[in-house]
Structures are given as C-alpha cells and as structure tokens.
Amino acid sequence: GINAEYGAGEITSAAVSVSWRQVTSVTVTPSGTLYVGNTITVTCDVLFDTQPAAMEMSVESQYLSVPEDGAGEITDEGEGVYRLVNQYTVDKSNVVRGGSDITCTASNEEGDEVGMTTNKYVFYYDCNSQDIKDKLKWRGDGTNSQRAFVPNEADGSVTATASCSDDNYVQQGPTGNAGTTSTCSRDTGKWSPTHLVTCAEKQKITTAIIEQVYTLSSGATKYCAAEAGASEDGFSPAEIKANLELTDNSVCGANKVVSCLKDSKCETVEGGCSWSEEGGFFLSIRVEVQFPDSDPVYTVEERNSRIELSGALPFYGCSGTQKRSLELKGPIRTIVHFDNGQQLDLGDSYPEEFNDTDDDEHNDDYDDEHDDDYDDSSSDDTTMLLHSDQLGRRYWLCSHGLSSCCSRY
C-alpha cells in the first residue's frame, strides 16, 4: 500500500529470496611493466550467494603458462566473496598482438555462469636479462674488449657500450652492422646494430702516402716520363718532385693543402710521380708525409684528420708562367696509403675548382672501366678502420705501375 501522509511505500507482499552472482574484479600483479620471464599473479573475486561450483581463468597459452604450483583453489573470503588465485609465467612477448586478455568465470551447480575479462596486458622483452644480453655479439675477437649495459627505466630499452680493456688497444671504427654502442628495444628484444666493434692492439702510424690520379685524352703531352727530355717542359719527375716539396712558394707545395703539413703535425718526406700508358694515359702525383714520434697517430679519427685535403696536390704553376696542358683532367681519384697496412680511398673528393675541365667524358670512361678495380667499402664512411686483408683486390694503381705502395697489399 501507499502511505499518503509521507509519500512513501511499503512492501506488503510476502518475503522473497534473491540470488546475486557477479565477478567483481580480476587483478594482475605486479602492476607495472610486464616482461618475458616474469611470474604474474592473477586474482579473481566473485560475489556469490553460495560457493561457486567452479571458477576458471582463461589465458592465451602461447604467451602464458601455469607453473607446477601455480593452479589455485577457490577460497571463501567472507560476506559472499569467493576468490581464485592463479600464477602464470610469461613465456613470450605479445607486443605484435597489442596485448592479451585474461578472463575469469564462475558458475553454480546449475551451470549458470558469470564472467569478467580484463583490459589487455602487454608482455615485453626483458632487454636486461642475461639471455638477451648474450645475443649481442662482437664483430670479431672480443678478447681485448669489454661492454657495459645501461637500462633505461623510461622506455625499457638497454644500451650497451663497448670499450677497450686497457690503453694498449684501440677501438675499431663502426660498420654497417657494428657500432661502439647498441640498443635493445623491449618491443623486439633485438639489438641495433647487431654487433659491437672490437679493439685491436695499437699500431702506430708513422707515415702516409697521398696519391692523386690524373687522366689525359691522348699521349701527345707526357708528364713524369722516365726518359730524359720526354716530359712536357717543367714536368719531369725531378721537377714535379721539387714542386711538391716546396715550402716557401705561394702556389706549389703539398703544405698548401695537406692538413697536418699546414698545422705542423707532420713533415714532408718526399714528393714523386708516375706515368702510365696502360689502358689510357694516366699521371699519378704523390707525396709522403711522416708523423712525429712526439705526437703519434693511433686512432682512425686522428689518422683521417691529419691527411684531410683542401684541394689537389699543387705541382704546377709555381713560377707564374708554367701551365699544364688542357688535356690533363683531374685529379679523378685520391688514395692514401699508411705504413701499418691501412688504406683510405677518398674517391674523387676534391674541390670543383681544381678540376679544370669542361668535358668529363674521359673521366667517366675511366670510372666505368676501373671502378670495379677499387675497393670502395670505405668511400661512404672514412672513419672505418681498414685492414690490408679487408681490401682483397690489388689496387688498379699497382697493376698500372703507378703506385709506389704495391708491396704493402
């Protein structure tokens, strides 16, 4: 009936019995980022009028497995709350899938069922695990190298840094698949790059020979010809050598373009040249420099900085009246040889103004014919440490009798 005075109602029917069944929560601990190898605890609470006949958890078995002691039993927590606790081991990352669901269900004797599904849980690779650390390899013999792993708590990545075991060794330069550092992503569990560079015993570099190659469209004009009187006037082997070794001339002298000569970090040993008519007409100009014992060179970086060139080796025009033939094109190639067996091919990396030609047809012919004879593995990365056994093929200069360094290959 209705009590009009108070506007309230009252139940006048007989008492009824209400059955209430509900999964109230499904929680996963630990609550932070989950990694492969972790053991997680899943707790499911249900509100039931009587103890459920069954409570079950459903997980994706390709990512989670139940340890031997991980399957739980239903416990009565009081006030109609019943609980199931299971433990699982994270076996595999599910980042690609975007995470996995965990579902808890409970049912009575009659088979009436209730359930709840969690939000997706993502399982990441643990880059700080020994298993993943061991997947990072050395590029070569890592006996004299060491590495340190630093985790990044913010994104779960780990960065490995390589170093040498002591000062008697020097770290080699990076390559396409090896670096001085490598980072593992928790999304993939992989290292990038895949290898760390190693350390080699220090080899002091004492001398460098810088060679530049020129080409001529014909042999009408000869340069550096061995026969007396055969060379163009002013371009005999002795004259070119003398021009390269000049130190007080405003135009000529290797000290005008070689960084270590300009900075007094090396001295000229001697200049030289070669002439060849094999497969064309070619002139090689070279200068040898020596690094002082008081300021030795060990590293690739220091080696490369000492032999930086600001232009072509100046060997003509020293007197103001001497000119080179317009046939002489280049330099079309610059190569540096070091006395410890290393070699650096700088390609045609010279300033435009030093290539006095409006017709590159012959230069292109040279490149087409001889590019395969060069080892250009370092042309894109001049910091790479090149050993003589990595070069493999003999230099084109050697086969044409232009280089004084052939015995080093």
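Now for a look at the structure at hand.

A few points about the pairing of strand S5 (residues 39–47)
Now for step 1: Counting buried positions over the 9 residues of S5 gives 7, a clear majority of the element.
Now for step 2: Note: strand S3 (residues 22–29) against S5, 7 bridges, orientation antiparallel. Note that in S5 the partner of Thr27 across the bridge is Thr43.
Now for step 3: The pairing of S5 with strand S9 (residues 81–90) spans 9 bridges and is classified as antiparallel.

Describing the sheet that holds strand S20 (residues 195–197)
Now for step 1: With parallel pairing, the 3 strands of this open sheet are ordered in space as S13-S20-S17. Strand pairing shows two members of the sheet lacking a second neighbour, strand S13 (137–139) and strand S17 (178–179), which therefore form its edges.
Now for step 2: Relative to S20, S13 is paired through 3 bridges, and the arrangement is parallel. The partner of Trp138 across the bridge, within S20, is Leu196.

A few points about the nonpolar core
Now for step 1: The biggest cluster of nonpolar side chains holds 33 residues, and the ones touching the most others in it are Leu283, Ile285, Phe291, Leu313 and Phe315.
Now for step 2: Of all the elements in the fold, those that place two or more residues in this core are strand S22 (207–216), helix H2 (237–245), helix H3 (259–262), strand S23 (267–276), strand S24 (281–290), strand S25 (328–338) and strand S26 (343–347).
Now for step 3: Among all residues touching Ile285, those that are not within four sequence positions of it are Ile210, Glu211, Gln212, Tyr214, Ile240, Leu244, Gly272, Cys273, Leu313 and Phe315.
Now for step 4: Counting residues in each nonpolar core, the second largest holds 21 residues, with Val46, Phe48, Met55 and Cys104 among its members.

Quick word on the packing of aromatic side chains
Now for step 1: Taken as a whole and assessed by the stated rule, the structure comprises 6 aromatic pairs.
Now for step 2: Its end group placed over the ring of Tyr124, Arg186 keeps NZ or CZ at 4.0 Å from the ring centre.
Now for step 3: The positively charged end of Lys202 is found above the aromatic ring belonging to Tyr298, 5.1 Å away from the centroid.

So, the state of the cysteines
Now for step 1: Evaluated as defined, the whole model comprises 6 disulfides.
Now for step 2: One disulfide in the model links Cys44 with Cys104; its S-S distance is 1.9 Å. Between Cys44 and Cys104, the S-S torsion sits near -85°, and that sign places the bridge as left-handed. Of this pair, Cys44 sits in strand S5 while Cys104 sits in strand S10 (residues 103–107), and the two are 60 residues apart along the sequence.
Now for step 3: Between the sulfur of Cys252 and that of Cys318 lies a disulfide, 1.8 Å long from S to S. As the torsion about the S-S bond is roughly -90°, the Cys252-Cys318 disulfide counts as left-handed. With Cys252 in the loop between H2 and H3 and Cys318 in the loop between helix H4 (300–306) and S25, the pair connects residues that are 66 residues apart, well separated along the chain. A single burial state applies to Cys252 and to Cys318, both of which are buried.

Here's the deal with unusual backbone geometry
Now for step 1: Geometrically, the link from Ser192 to Pro193 is a cis peptide bond, its omega value of -5° lying close to zero.
Now for step 2: The topology assignment puts Pro193 in the loop between strand S19 (191–192) and S20.
Now for step 3: Here the residue pair Gly330 and Pro331 is connected by a cis peptide bond, since its omega of 10° sits within 30 degrees of zero.
Now for step 4: Mapped onto the secondary structure, Pro331 falls in strand S25.
Now for step 5: Here Glu79, not a glycine, exhibits a phi torsion of approximately 55°, which is positive.

Analysis parameters
Residues numbered from 1 in each chain as written. Predicted model: local features only at pLDDT ≥ 70, side-chain atom pairs only at ≥ 80, totals over all residues. Heavy atoms only, no water. Buried < 20%, exposed > 50% of the residue type's maximum accessible area, 1.4 Å probe, protein only. Helix = DSSP H or I, 4+ residues; strand = E, 2+ residues; numbered from the N terminus. Pairing = 2+ DSSP bridges. Core = buried A, V, L, I, M, F, W, Y, C linked by side-chain atoms within 4.5 Å. Contact = heavy atoms within 4.5 Å. Phe/Tyr/Trp six-rings, centres within 6.5 Å; stacked < 30°, edge-to-face > 60°. Lys NZ or Arg CZ within 6 Å of the ring centre and 35° of its normal. Disulfide = S-S within 2.5 Å.

Interpretation note: all reported values are geometric properties and have no functional meaning in isolation.
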